[in-house]
Each structure stands twice: as structure tokens, then as C-alpha cells.
Amino acid sequence: MARRSGMILDAALLIAMAAAFGMIFFYAPIESEMGIVQKIFYVHVPLAWNAFLGFGIVFFSSFRYLATRDPKWDMRALSAAEVGVLFTTLVLITGPIWAKPVWGIWWTWDARLTLTLVLWLIYVGYLMLRRYIESPERRAVLAAVVGVTGFIDVPLVYFAIRWWRTQHPQPVIAGGEGSGLDPRMATTLWICVAAFTLLFVALYRRRLAIEAMRARAEALRDDAEAARMEGARS
Amino acid sequence: MLRTAVVVLWKDLRIELRTRDAVSAALVFSILVLVIFNFALDVNRPEMRRLAAGFFWVAFAFAGTLSLNRSFALEKESGAGRALSLAPVDPAGIFLGKALANAIFLAVTQLVVLPLFVIFFDVSVTRLWALAVSFALGSIAFAATGTLFSAIAANTRMRELLLPVLFLPVSVPALIAAVETTSFALGNTESASFWFTLLVVYDVVFVTASLLVFEYVAEE
């Protein structure tokens with residue numbers, strides 16, 4: 001059942017990705033001022049939205065883990081955090097590639113950019129923490145605490161950075177990305193959002209499956225170890 | 001809960017009074033940061049004065065992690081942490097006591113570094129009350145977040161690395177607000193009511209959240 005739905009998902013992902021990239025290159029018009037580089041926006045924006053979705057899942061799963069102590073919530077939090085960090089990394093790479101020709105600079109400490117970078121740091125910290133705790137239960141509990149407090153921090157970071165930015169001179173003036181979008185561009189964007197959401201789900205499911213297999217392998221090894229000890233004793 | 005907090009606070013204060021480890025480490029470290037800033041940026045230019053509040057809080061953010069690291073390392077080394085978590089007391093009380101102790105250490109460090117800072121950077125404190133509020137709220141913010149993450153990092157093999165990695169990004173809003181309020185106290189900006197509010201909100205949110213989640217961190 002899970003395998004079957006996985007295959008359907010992969011097929012849908014393949015089709016959606018092909019459609020998305022086809023539309024990016026052949027359907028969406030070339031932006032009049034920014035030129036061809038604007039097309040990175042169709043990859044950048046869906047990645048960013050899904051990265052935030054991932055961090056939302058980390059928060060929810062961490063919260064559920066603390067309430068239920070069910071390891072499946074810990075696996076979900078971990079998987080979502082990894083895919084979220086991967087997507088955020090790609091957001092932070094694609095952003096400057098677009099910004100350099102358009103704004104003339106690689107980076108600016110604008111509210112959204114800064115928030116993304118701070119989020120990336122928080123969740124990289126989350127993943128690092130997990131690496132350095134031996135006991136699986138302790139790891140799950142402590143990571144969940146970071147998963148919850150890290151997310152509570154997001155609105156505070158957002159307001160702080162926004163206000164801080166508006167007080168300082170803005171190095172670049174760019175129109176909002178949503179302003180006056182050509183309908184063909186909007187359609188392309190939505191198809192891309194769908195495709196990248198499917199990509200997120202597919203990666204997340206695979207990561208979850210690996211984690212479940214790892215847990216099973218560990219349990220089997222423990223059983224085998226116990227049986228061996230039993231055999232040695234008799 | 002309050003009684004536990006007072007006992008833990010008194011224990012930490014007594015250890016500190018006898019060893020003077022946390023405050024002296026933070027103190028020497030903040031002075032070093034200020035001196036290094038001077039070499040790296042030639043701070044005596046007049047325009048640098050506007051940035052003084054920033055230098056000050058950068059020094060504290062790093063000096064703070066030093067003394068916060070010690071906070072739970074101390075408990076781990078002697079096995080006192082296990083005894084604390086076995087004791088039939090409210091974990092929130094333990095958190096409150098440790099956080100208060102850390103806030104006091106930070107505030108003491110700030111008060112000692114302040115005169116040096118005024119001398120080195122040639123700044124003048126035009127709004128003393130604002131500086132006092134900024135220091136107090138900033139110390140609470142760092143102590144609340146730092147104590148929670150210090151307790152978490154103490155469970156790992158890489159304590160010294162993980163505390164700043166977890167603590168600094170999360171305290172970004174507090175750091176910005178602390179810099180802006182101190183900047184206001186030094187007369188560089190005209191109003192900072194938003195930043196005072198943000199610091200208060202941050203303190204309330206993180207003190208509450210830490211009190212709620214600390215029981216999970218404290219269990220063994």
C-alpha cells in the first residue's frame with residue numbers, strides 16, 4: 001500500500017517537474033527588465049515556501065513528541081528538518097544568483113533574506129545538536145525542545161528584523177515580487193509550487209522510510225545481540 | 001517553585017562568590033573583545049561612536065556564552081545535575097534559580113565593563129534610566145535563552161560548540177533590541193519604545209516557554 005502510493009507520488013512528481021520546467025523555459029514570458037535571470041524566481045519561491053512548511057512540521061511534530069513520546073513524531077521532526085534545511089540552503093543559493101544581476105549585489109540585510117538566514121542557522125543548530133547526543137530518547141526529547149522554542153522565536157525574529165530594516169537605509173529598492181505578475185508567469189509559478197511541494201513530500205517520505213528502516217535494523221541488532229548472549233549463557 | 005529557585009540561586013551565587021569563575025571569565029573576555037575591536041576598526045573615529053552599542057553587546061553575547069557554558073557544566077562534572085533532577089522539586093524552580101544566577105552574573109559583568117567601555121569608546125550615557133532598563137531586560141533575555149540552551153548543550157559531547165550554535169540565532173531579536181535600546185541610552189537615537197516593548201515581549205515569551213519545557217530537559 002505504502003509502496004504503491006509512493007510510486008504514484010513519484011510518477012506525479014516526475015510529471016509535475018517536467019511540466020514546471022517546460023513552463024519555466026517555454027511558456028512563461030521573459031521579464032522585460034530583469035531578463036532571463038528572473039526565471040530563477042520560479043524555483044526560488046516554491047523552495048522557500050516549502051522550507052517554511054518543513055519548519056512548521058518540525059514544530060508540530062516536536063510538540064506532539066513531547067506530548068506523546070511516540071518515536072514516530074521524532075522521526076517526522078528530523079525528516080522535515082533535514083528537507084527544510086536542504087530547501088533553505090537552495091533558497092539561499094538561488095537568491096544571490098538572482099540578486100547580483102538585478103540588484104547589483106549578492107546579498108542585502110533585508111527582512112526576508114535575514115529571516116531566512118536566521119532560520120537556516122536555527123535548524124542547522126537543531127540538526128547539529130542531534131548528532132552529538134548518544135541516547136535516542138534524550139536526543140528526541142532535547143531536539144523536540146529546540147524544535148518548539150526555535151519556532152516560537154520566528155515571529156520575534158521577523159518583527160525585530162522588519163523594524164530594524166525600516167529604520168536603516170534600504171540599500172536596494174525593488175518592487176514586490178507579487179506586484180503586477182503576468183498571468184502566464186502566475187500560472188507557471190503555481191505549477192512550480194505544486195511540483196516543488198511534491199518534491200518536498202517525496203523527499204520527506206523517503207527520509208522517513210530510511211529512519212524507520214534504521215530503527216528496525218537497530219531493534220533487530222539488539223534482538224540478535226540478546227539471543228547471542230542467551231546462547232552463550234546456556 | 002519559588003523556594004527551589006531561591007535555594008538554587010543561593011547555591012550558584014555562593015559558588016560564584018568563592019570561585020569568581022563566571023564573572024571573571026566573562027569580564028576578561030569582554031575587555032579582550034573591546035580591545036580587539038579597537039585594533040580591527042580604529043574605534044576612535046567619531047562615526048564609530050554611533051556603533052558603540054553594537055560593540056558592547058557583541059562583547060556580551062560572546063562573553064555571556066562563556067559563563068553560560070559553565071552554568072550546567074558545573075552540575076554535570078560533579079554529578080550534581082543528577083542529584084538535582086532526582087530531588088523532589090519542581091524543575092521549573094531549578095530553571096528559575098539558575099537563570100536568575102546567570103542574569104545576575106551577566107548584569108555584574110556589564111556594570112564592570114561599562115566604565116571601561118565609556119573610557120575606550122569615548123561615549124556618554126545621556127539616558128541613564130534607559131541604560132539600566134536595557135541592561136536589565138537584555139540580561140534577562142540572554143539568561144533565559146542561555147540557561148535553557150546551556151542545559152540542553154550540557155547533555156552533548158560538544159557542549160562548548162553547541163551552546164553558541166543554538167543560543168545565538170535564537171537570541172537575534174533580543175540582541176537587536178538590546179543594541180537599539182542601549183544606542184538610545186547613549187543618545188544615538190531619538191526613540192526606542194518599539195525596542196523596549198520587543199525586549200519585554202521576548203523576555204516574557206522565553207521565560208514562560210523555558211519554564212514550561214525545562215521539565216523535559218531536566219529529566220534523565
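Everything here concerns the structure above.
These numbers were taken from a predicted model, which means no experiment stands behind them.

With respect to the pattern of salt bridges
Residue and element names in this part refer to chain A. Within this structure, the stated rule accounts for 16 salt bridges over all chains. For Lys-72, the salt bridge is made with Asp-70, and the minimal N-O distance between the two is 4.0 Å. On the basis of relative accessible area, Lys-72 is assigned to the partly exposed category, the value being 38%. Residues participating in the shared-partner salt-bridge network are Glu-82, Arg-207, Glu-211, Arg-214 and Glu-218.

A word on the packing of aromatic side chains
Residue and element names in this part refer to chain B. Inspection of the entire model under this criterion finds 31 aromatic pairs over all chains. Measuring from ring centre to ring centre gives 5.4 Å for Phe-55 and Phe-121, while their planes differ by 40°; the resulting arrangement is tilted. A residue pair is termed long-range when its members are at least 10 positions apart, and Phe-55 in helix H3 (residues 52-78) and Phe-121 in helix H5 (residues 91-121) qualify at 66 residues. Both residues of the pair, Phe-55 and Phe-121, belong to the buried class. With centroids separated by 4.6 Å and ring planes inclined at 25°, the aromatic side chains of Tyr-202 and Phe-206 adopt a geometry described as stacked.

Observations regarding the layout of surface pockets
In this model, the second largest pocket occupies a volume close to 950 Å³. Lining the second largest pocket are 33 residues, and of these Trp-164 of chain A together with Gly-54, Leu-175, Ile-176 and Val-179 of chain B lie nearest its centre. Only helix H4 (111-131) and helix H5 (136-167) of chain A together with H3, helix H7 (159-170) and helix H8 (172-185) of chain B provide two or more residues apiece to the lining of the second largest pocket.

What counts, and where the lines are drawn
- Residues numbered from 1 in each chain as written.
- Chains lettered and ligands numbered in written order.
- Predicted model: local features only at pLDDT ≥ 70, side-chain atom pairs only at ≥ 80, totals over all residues.
- Heavy atoms only, no water.
- Salt bridge = Lys/Arg side-chain N within 4 Å of Asp/Glu carboxyl O.
- Buried < 20%, exposed > 50% of the residue type's maximum accessible area, 1.4 Å probe, protein only.
- Phe/Tyr/Trp six-rings, centres within 6.5 Å; stacked < 30°, edge-to-face > 60°.
- Helix = DSSP H or I, 4+ residues; strand = E, 2+ residues; numbered from the N terminus.
- 1 Å grid on protein atoms, 1.4 Å probe; cavity = no way out; pocket = protein on both sides within 12 Å on 5 of 7 lines; lining within 4 Å.
- Points joined across faces, edges and corners; volume = space filled by probe spheres on them.

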